[in-house]
Amino acid sequence: MALSDAQIEEGLARLQDWRREGAEPVIHRTVRLPGFTDAIALVDDIAQVAEQVDHHPDIDIRYNKVHLALSTHSEGALTDKDIGLAARIDELVPHHQG
Ligand SMILES: C[C@H](O)[C@H](O)[C@H]1CNC2=NC(N)=NC(=O)C2=N1
């Protein structure tokens, strides 16, 4: 179910560096890693979690930076699935930052 703006703000406050830009129902985080293989390893971990929860981020890898975008495409909205997956990703990131 679509979250209200207030629920989204509450969710973002509990997350690490995730932002919503403009009116789009998308939250973003860019993670900087030591190098390219660390970026790939993080994305591999994220892929495992995404499959577990059947919710999949848009991912852009640029050398040592991973840009992640979360939205619930089926609803055209942000939902608990986005906040929940963002929290899972936040737990994975420190394991790859060297
Ligand atoms: C059938 C399957 O549950 C859907 O296609 C899921 C898969 N992963 C998804 N991921 C995201 N981010 N949004 C969706 O709406 C979505 N739908």
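Residues numbered from 1 in each chain as written. Predicted model: local features only at pLDDT ≥ 70, side-chain atom pairs only at ≥ 80, totals over all residues. Heavy atoms only, no water.

Digging into the sheet that holds strand β3 (residues 58-62)
Strands belonging to one sheet form pairs held by backbone hydrogen bonds; the direction of such a pair is parallel or antiparallel. Threshold: Pairing between strands is defined by DSSP: at least two bridges between them are needed. For the purposes of this entry, the term helix denotes a DSSP run of H or I that reaches at least four residues, the term strand denotes a run of E that reaches at least two, and both are numbered from the N terminus.
Strand order in the open sheet formed by four strands is β1-β2-β4-β3, with antiparallel pairing between adjacent strands. Where the open sheet ends on each side, the last strands, each with one partner, are β1 (19-20) and β3.

Side note on the pairing of β3
Bridge count between β3 and strand β4 (residues 65-70): five bridges; the pairing is antiparallel. What sits directly across from isoleucine 61, in β4, is valine 66.

Quick word on the pattern of salt bridges
We apply this condition: For this document, the term salt bridge refers to a Lys or Arg side-chain nitrogen within 4 Å of an Asp or Glu carboxyl oxygen. Each residue's exposure class comes from its accessible area (1.4 Å probe, protein chains only) as a fraction of the maximum for that residue type: buried when under 20%, exposed when over 50%, partly exposed otherwise.
Scanning the model with the defined rule gives four salt bridges in all. In this structure, the salt-bridge partner of aspartate 60 is arginine 62, at a minimum N-O distance of 3.1 Å. Judged by relative accessible area, arginine 62 falls into the exposed class, the value being 58%.

Here we look at the site of the ligand
Rule in force here: One heavy atom suffices: a residue is near a molecule or strand as soon as one of its heavy atoms comes within 4 Å of it. Any pair of nitrogen or oxygen atoms within 3.5 Å is treated as a polar contact; in protein, a donor-acceptor pairing is required on top of that, and neighbouring residues in sequence qualify only through side-chain atoms on both sides. Accessibility throughout is a Shrake-Rupley quantity obtained with a 1.4 Å probe, and a residue counts as covered only by protein chains that appear here. Any residue that is not Ala, Val, Leu, Ile, Met, Phe, Trp, Tyr, Cys, Pro, Asp, Glu, Lys or Arg is counted as polar, Gly included; the first ten are nonpolar and the last four charged.
As a matter of local geometry, the ligand sits amid Asp54, His55, His56, Ser71, Thr72, His73 and Ser74. Here a nitrogen atom of the ligand and a backbone polar atom of histidine 73 are 3.2 Å apart. Coverage of the ligand by the protein chains reaches 60% of its 390 Å² of free accessible surface. Its residues placed into classes, the shell around the ligand shows no nonpolar, six polar and one charged.

Thoughts on unusual backbone geometry
The phi dihedral of aspartate 17 falls on the positive side, at around 70°, and the residue is not glycine. Turning to its location among the elements, aspartate 17 is positioned in the loop between α1 (5-13) and β1. When its relative accessible area of 46% is taken as the criterion, aspartate 17 is described as partly exposed. At tyrosine 63, a residue that is not glycine, the phi angle is positive and equals roughly 50°.

Quick word on the pairing of β4
Of the pairings in the sheet, the one linking strand β2 (residues 27-32) to β4 comprises six bridges and is antiparallel in character. The partner of isoleucine 27 across the bridge, within β4, is leucine 70. Counted between consecutive antiparallel strands, the loop separating β3 from β4 contains two residues, among which tyrosine 63 sits at a positive phi close to 50°.

Quick notes on the environment of valine 93
Put simply, the rule reads: Any two residues having at least one pair of non-hydrogen atoms within 4.5 Å are treated as being in contact.
On the secondary structure map, valine 93 appears in the segment after α3 (80-92). A residue is classified by how much of its surface remains accessible, and valine 93, at 1% relative accessible area, is buried. Between the C-alpha atoms of valine 93 and glycine 35, which are 58 residues apart in sequence, the distance is 13 Å. Those residues in contact with valine 93 that sit more than four places away from it in its chain are Arg29, Val31 and Leu42.

Focus on the nonpolar core
Selection criterion: We define the nonpolar core as a collection of buried residues of types Ala, Val, Leu, Ile, Met, Phe, Trp, Tyr and Cys that are connected through side-chain atoms lying within 4.5 Å of one another.
By size, the foremost hydrophobic cluster in this structure holds 23 residues, and its most contacted members are Leu15, Trp18, Ile27, Leu42, Val66, Leu68 and Ile89. Beyond its immediate stretch of four places on either side in the chain, valine 66 contacts Arg29, Thr30, Val31, Leu33, Ala39, Leu42, Val43, Ile59 and Asp60.

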